[in-house]
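Now for the letters of each chain:
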Amino acid sequence: MIASAVGNVTTFKVAVHTTNGRGFTPEELAERCANKIIAISDDANPAIRAQARAFREELLKTLVFYMREAVKSDRTTVYNVLTDAGQTELAQYIRRL
Amino acid sequence: MAFTGNFMCTSFKKELLYGAHDFDSSSGDTFKIALYTSSATLTAATTAYSATNEVSGTNYVAGGGALTPVDPTSSGTTALLDFVDETWSTATITARGALIYNTTPNTTSIALTNPAVIVLDFGGDKTSTAGDFTVVFPTADSSNAIIRIA
């Protein structure tokens, strides 16, 4: 007779991140993004762990840079939408953010 | 204390065996996440979404937000599932926990309305004030993913 067993695992843990009076910064979002892309076990081989952490730091810098670029680019889009709608004062305010 | 930990709902496990839940990212069911106050009583015995003690606040709509599932995958002998992080923007919310539930289950073999999937315990009240409120799901691997069958 062949028997099989299926178990389920419920040791999951979610995190909740909140802000007050602002949105998340590129640095905060990049940190979360890097955690999604690369998870480094404390039990990993020390040499591999060090290499993975170095890679993660470089990845983080790249993510922050391009997130800032995305924010700036989106503000350009918003600026133009507002300008086209005749809201020049508001557009200037967005541009100066 | 109303929340006593994270739970994969017992009814959900049974419903999996009835084929009631489809987590395909493009053609699967619609899953939502609802937030609750510390007065809510959600446990493994929770079977369905309820509006009782659900949070209310600026830019939070009753019933919660729709989740985007990532296609189920496997790692070694463990099958696993992830969701894209859920954010309520420019929101004023205080929540102690959450319930993930299915709004469009397959009811061919079992009668269901908004069946519960997972209870999430935030460990304490979490508050955003005119800001972002984000539920960050764990790393999608065989040790941490939100739903795993080992």
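The following paragraphs examine the structure supplied in this document. (Residues numbered from 1 in each chain as written. Chains lettered and ligands numbered in written order. Predicted model: local features only at pLDDT ≥ 70, side-chain atom pairs only at ≥ 80, totals over all residues. Heavy atoms only, no water.)

1. Digging into the overall build of chain A
Let me state the cut-off plainly: Numbering of helices and strands starts at the N terminus; helices are DSSP runs of H or I of at least 4 residues and strands are runs of E of at least 2. Burial status follows relative accessibility: with a 1.4 Å probe on protein chains alone, a residue under 20% of its type maximum counts as buried, one over 50% as exposed, and anything between as partly exposed. Whether two residues are in contact is decided by their heavy atoms: any pair within 4.5 Å suffices. Calculation of accessible area relied on Shrake-Rupley with a 1.4 Å probe; when residues are assessed, cover is drawn exclusively from the protein chains displayed.
Broken down by element type, chain A carries three helices and two strands. Its helices and strands in sequence order give chain A the pattern β-β-α-α-α, from N to C terminus. In chain A, which comprises 97 residues, the share counted as buried stands at 21%. Sequence-distant contacts in chain A: of pairs separated by 6 or more residues, those separated by 24 or more amount to 39%. As displayed, chain A has an accessible area near 7,200 Å², and 56% of this comes from carbon and sulfur atoms.

2. Some remarks on a nonpolar patch on the surface
Here is the rule: Only residues whose relative accessible area exceeds 30% and that form no salt bridge are eligible for patches; like-charged ones are grouped when within 9 Å, while nonpolar side chains (Val, Leu, Ile, Met, Phe, Trp, Tyr) are grouped when within 5 Å. Here, a salt bridge means any Lys or Arg side-chain nitrogen found within 4 Å of an Asp or Glu carboxyl oxygen.
On the surface, a nonpolar cluster with roughly 330 Å² of combined accessible area is contributed by L90(A), Y93(A) and L97(A). Tracing the sequence through the fold places Y93(A) in helix α3 (residues 88-96).

3. Structural notes on the interface of chain A and chain B
Under the convention used in this document: As used here, buried area is the combined drop in accessible area, with a 1.4 Å probe, of two parts when they are placed together. Within 3.5 Å is the distance limit for a polar contact, defined as a pair of N or O atoms, with the added protein rule that one can donate a hydrogen and the other accept it, and that residues adjacent in sequence qualify only through two side-chain atoms. For this scheme, ten residues count as nonpolar: Ala, Val, Leu, Ile, Met, Phe, Trp, Tyr, Cys and Pro. Four count as charged, namely Asp, Glu, Lys and Arg, and the remainder, Gly too, count as polar. The pairing criterion is simple: DSSP has to find at least two bridges between the two strands.
In this assembly, 23 residues from chain A lie in contact with 33 residues from chain B. When chain A packs against chain B, the two sides together hide about 2,200 Å² of surface, and 53% of this comes from carbon and sulfur. Summed over the shared surface of chain A and chain B, the result is two salt bridges. Between D85(B) and K36(A) there is a salt bridge, with its nearest N and O atoms 3.3 Å apart. On inspection of chain A and its partner chain B, the count reaches 10 residue pairs in polar contact (both at pLDDT 80 or more). At the level of elements, β1 (8-9), β2 (15-18) and α1 (26-37) of chain A are the ones that each hand at least two residues to the side of chain A that touches chain B. Taken together, the residues that form the side of chain A that touches chain B break down as eight nonpolar, 11 polar and four charged. As paired elements, β2(A) and strand β7 (residues 116-136) of chain B share four bridges and run antiparallel to each other. Bridging across to β7(B), T18(A) finds its partner in F133(B).

4. Quick notes on helix α2 (residues 46-84) of chain A
Residues and elements named next belong to chain A. Note the cut-off: A helix is expected to reach a length of 1.5 Å times the quantity of its residues less one.
Along its 39 residues, α2 runs 57 Å from first to last C-alpha, staying within 8% of the 57 Å computed at 1.5 Å per residue. If you check which residues of α2 are buried, you get A52, R56, L59, L60, L63, V64 and L82. Close packing links the buried residues of α2 with α1 and α3. The backbone nitrogen of A47 has a side-chain oxygen 2.8 Å away, supplied by the residue at the start of α2, namely N45. G86 lies just past α2 and shows a positive phi near 85 degrees.

5. Let's talk about the pattern of salt bridges
Residue and element names in this part refer to chain A. Across all of its chains, the model carries nine salt bridges over all chains by this definition. Ionic pairing is found between E27 and R68, a salt bridge with its closest N-O pair at 2.0 Å. Placement of the pair is E27 in helix α1 and R68 in helix α2, with a sequence separation of 41 residues. Judged by its relative accessible area of 33%, E27 falls in the partly exposed class.

6. Describing the packing of aromatic side chains
Where we set the bar: Ring pairs are drawn from Phe, Tyr and Trp, using the six-membered ring of Trp, whenever the two centres fall within 6.5 Å, and their geometry is named by plane angle: stacked under 30 degrees, edge-to-face over 60, tilted for the rest. By the criterion adopted, a ring carries a charge over it if an Arg CZ or a Lys NZ lies within 6 Å of its centre and within 35 degrees of its normal.
Evaluation of the coordinates by the stated rule reveals 10 aromatic pairs over all chains. Three or more aromatic residues link up through ring pairs in this structure, and these residues are F12(B), F23(B), F31(B), F83(B) and F137(B). The ring of F24(A) has R32(A) sitting right over it, with the charged end atom 4.8 Å from the ring centre.

7. A few points about unusual backbone geometry
Residues and elements named next belong to chain B. Phi at T90 takes a positive value of approximately 45 degrees, unusual for a residue other than glycine. Along the chain, T90 turns up in strand β6 (residues 86-102). For N114, which is not a glycine, the phi torsion comes out positive at approximately 50 degrees. Its location among the elements puts N114 in the loop between β6 and β7.

8. Notes on the nonpolar core
Keep this limit in mind: Remark: nonpolar core denotes a set of buried residues (Ala, Val, Leu, Ile, Met, Phe, Trp, Tyr, Cys) joined through side-chain atoms within 4.5 Å.
Residues L35(B), L120(B), F122(B), V135(B) and F137(B) are the most contacted members of the largest nonpolar core, which totals 41 residues. Within the residue set of this core, elements represented by two or more residues are β2 (31-36), β5 (78-83), β6 and β7 of chain B. Look past the residues within four positions of L120(B) in its chain and what remains in contact with it is F12(A), V14(A), F3(B), N6(B), I33(B), G97(B), A98(B), I100(B), V135(B), F137(B) and I146(B). Core analysis: the second largest hydrophobic core is formed by eight residues, A34(A), A52(A), L60(A) and V64(A) among them.

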